[in-house]
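# Coordinates in review
Each chain, written out:
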Amino acid sequence: MRSPIPDYLDGALQSVAADESGAPADYIPELAGADPDRLAVAVCTIDGARYTAGDVGVEFSIQSISKPFVYALALADRGFEAVLEKVWVEPSGDAFNELSLDPETSRPLNPMINAGAITTNSLAGAPEMDAAARHERIVDGLSAFAGRRLSVDDAVFESEMNTAYRNRALANLLRANGIIDEDPIVAVAAYTRQCSLSVTTEDLAVMAATLANGGVHPVSGAPVVSRAVARQVLSVMATCGMYDGAGDWMTRVGVPAKSGVSGGLIGALPGQVGISTFSPRLDRHGNSVRGLDLFERFTADMGMHLMEVPPATTTVIRSDRVHHAPAGDVRVVSLQGALQFSGAEQVLRYFVDKTIEEHRIALALVRVQSVNDVARRMLLEVIRRLSLEGHEVFLIDPDQVIPDPDPGTGGSVVVLHSLQDLLPLWRRRAAE
Ligand code: GLN
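## Details of the sheet that holds strand 5 (residues 257-259)
- One open sheet accounts for five strands, arranged 2-1-7-6-5; its pairing is antiparallel. Each end of this open sheet is capped by a strand with a single partner; those strands are strand 2 (50-54) and strand 5. Strand-to-strand twist in this sheet, taken as the mean axis angle between neighbours without regard to direction, amounts to 10°.
- The sheet contacts of helix 1 (residues 5-17) involve strand 1 (40-45) and strand 2, and relative to strand 2 the element is tilted by about 35°.
- The strands touched by helix 13 (residues 289-302) are strand 1, strand 6 (264-269) and strand 7 (273-278); relative to strand 7, the strand with the most contacts, the crossing angle is about 150°.

Quick look at the structure:
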């Protein structure tokens, strides 16, 4: 069978192709010369499947889409505290090149605006690194997100450096306020170099999917940044990624996103996919016109809005049966689904509301795909309390969704691979 997804993506591109509104960025001469008709889309799932349509072979400079990834590297290399001290996480509501500083601390309001991004660039790598070593760290780091070696487009770099008056002004003010320690000229060059890395639309989808996948590369499975870093970056993208259009974007499209002035746009839907589009004509906020349309369409068609999530669990208790055995009855309560807080709460409530006569209770996790940290702790507490009430508790957990269960003080549990394992256990006990 041929997958219908590329056809869907082709259709989506066709539906926006005729829109020629907006214009490529002209403050960077090299970008002004870009072919405005280029149009591409790529989707990468968190298990590495990729779908593309349009001009996916075209390389363009990453520009501001580098910001979330370099922010991730700074967080990974220096830790949250050191980075937050220098760059805050509040949406500015201003354009990307505004000098939006926290009035009390003078730190840039967030890492997605230029002032914040110039600062996070200076925080990537080890503190003792010079600009060249830091650049290597950034190229290595962004290449790890993409899963292939990226390189700088020197023409774009030179072109932007020739006209980077505004970013130089920002860097000078950052230096004057003690936010960066570096020579402002060096800081702007380093930041501009990061923006000049060449990528394809597909690279960007893979990079976004790495964030959506909790920092693990979707194709190679290599860990790129920690889950905590990925969460932080996605949160900042959700609140600040679209600059002064961030609120409008979040309500209409509803995915953490980042745009760049070369016409790229990425969205990362946590736990599902990374998506990217490329179309160089921009609106007045500096966001790709057709990219925005495409994303709005994807949200509507693919149900991607972050605030519209199906219930995490319908019925967690799949069945509750008493199994009769010569050595005594056992009550088997089977659970199902991907358990998070609300699912574990159902289990908890089930045992609170029910008085169980049987001495032996088995919790069967055969149909449970995953148990997150809070749900694991809640289930173990259920086990502990049932043990304290005098029950003998078994956990049937063939896939070890709860590895090494420890119900804590006063609790005890016997872990079994399957329900059948109960029988020999009975027999052995009866013989003892
Ligand atoms: N290099 C560009 C700048 O600093 C990036 C801006 C963007 O993509 N929004 O102006």
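The discussion continues.
## Describing unusual backbone geometry
- One non-glycine residue, Gln63, lies in positive phi territory at about 50°.
- When you line up the elements, Gln63 lands in the loop between strand 3 (60-61) and helix 3 (66-78).
- Phi is positive for Gln400, which is not a glycine, with a value near 50°.
- With respect to the helices and strands, Gln400 occurs in the loop between strand 11 (392-396) and strand 12 (414-416).

## Things to note about helix 14 (residues 341-353)
- In this model, helix 14 (13 residues) spans 18 Å end to end at C-alpha, consistent with the 18 Å of a helix rising 1.5 Å per residue.
- Within helix 14, burial applies to Gly343, Ala344, Gln346, Val347, Tyr350 and Phe351. One side of helix 14 carries all its buried residues, which in axial view fall inside an arc of 150°. Along helix 14, the residues that are exposed and aim more than 90 degrees away from the buried face are Val352 and Asp353.
- Buried positions along helix 14 lie against strand 8 (317-323), strand 9 (330-339), strand 10 (360-371) and helix 15 (373-388).

## Focus: the site of the ligand
- Inspection of the region around the ligand gives Tyr27, Gln63, Ser64, Phe96, Asn114, Glu160, Asn167, Tyr191, Cys195, Tyr243, Gly260 and Val261 as its neighbouring residues.
- At 2.7 Å, a side-chain N or O of Ser64 approaches an oxygen atom of the ligand.
- Between an oxygen atom of the ligand and a side-chain N or O atom of Asn114, the distance comes to 2.9 Å.
- When isolated, the ligand has an accessible area of 300 Å², and the protein chains bury 99% of it.
- Residue composition of the shell around the ligand, by class: six nonpolar, five polar and one charged.

## A closer look at the packing of aromatic side chains
- According to the stated counting rule, one finds seven aromatic pairs in the structure shown.
- Ring geometry for Phe295 against Phe298: centres 6.0 Å apart, planes inclined by 70°, an arrangement best described as edge-to-face. Taken as a pair, Phe295 and Phe298 lie in helix 13 at a separation of three residues, close to a single helical turn. Across this residue pair, the class does not change: Phe295 and Phe298 are buried.
- Arranged with centres 5.8 Å apart and planes meeting at 90°, the rings of Tyr350 and Phe351 form a pair that is edge-to-face.

Rules and cut-offs
- Residues numbered from 1 in each chain as written.
- Predicted model: local features only at pLDDT ≥ 70, side-chain atom pairs only at ≥ 80, totals over all residues.
- Heavy atoms only, no water.
- Pairing = 2+ DSSP bridges.
- Helix = DSSP H or I, 4+ residues; strand = E, 2+ residues; numbered from the N terminus.
- Axes fitted to C-alpha atoms, helices over the stretch in contact; angles between N-to-C directions.
- Contact = heavy atoms within 4.5 Å.
- Expected span 1.5 Å × (residues − 1).
- Buried < 20%, exposed > 50% of the residue type's maximum accessible area, 1.4 Å probe, protein only.
- Arc of directions from axis to C-beta.
- Near = heavy atom within 4 Å.
- Polar contact = N/O pair within 3.5 Å; in protein donor to acceptor, adjacent residues only side chain to side chain.
- Areas by Shrake-Rupley, 256 points an atom, 1.4 Å probe, with all protein chains shown as cover.
- Nonpolar A, V, L, I, M, F, W, Y, C, P; charged D, E, K, R; others polar.
- Phe/Tyr/Trp six-rings, centres within 6.5 Å; stacked < 30°, edge-to-face > 60°.

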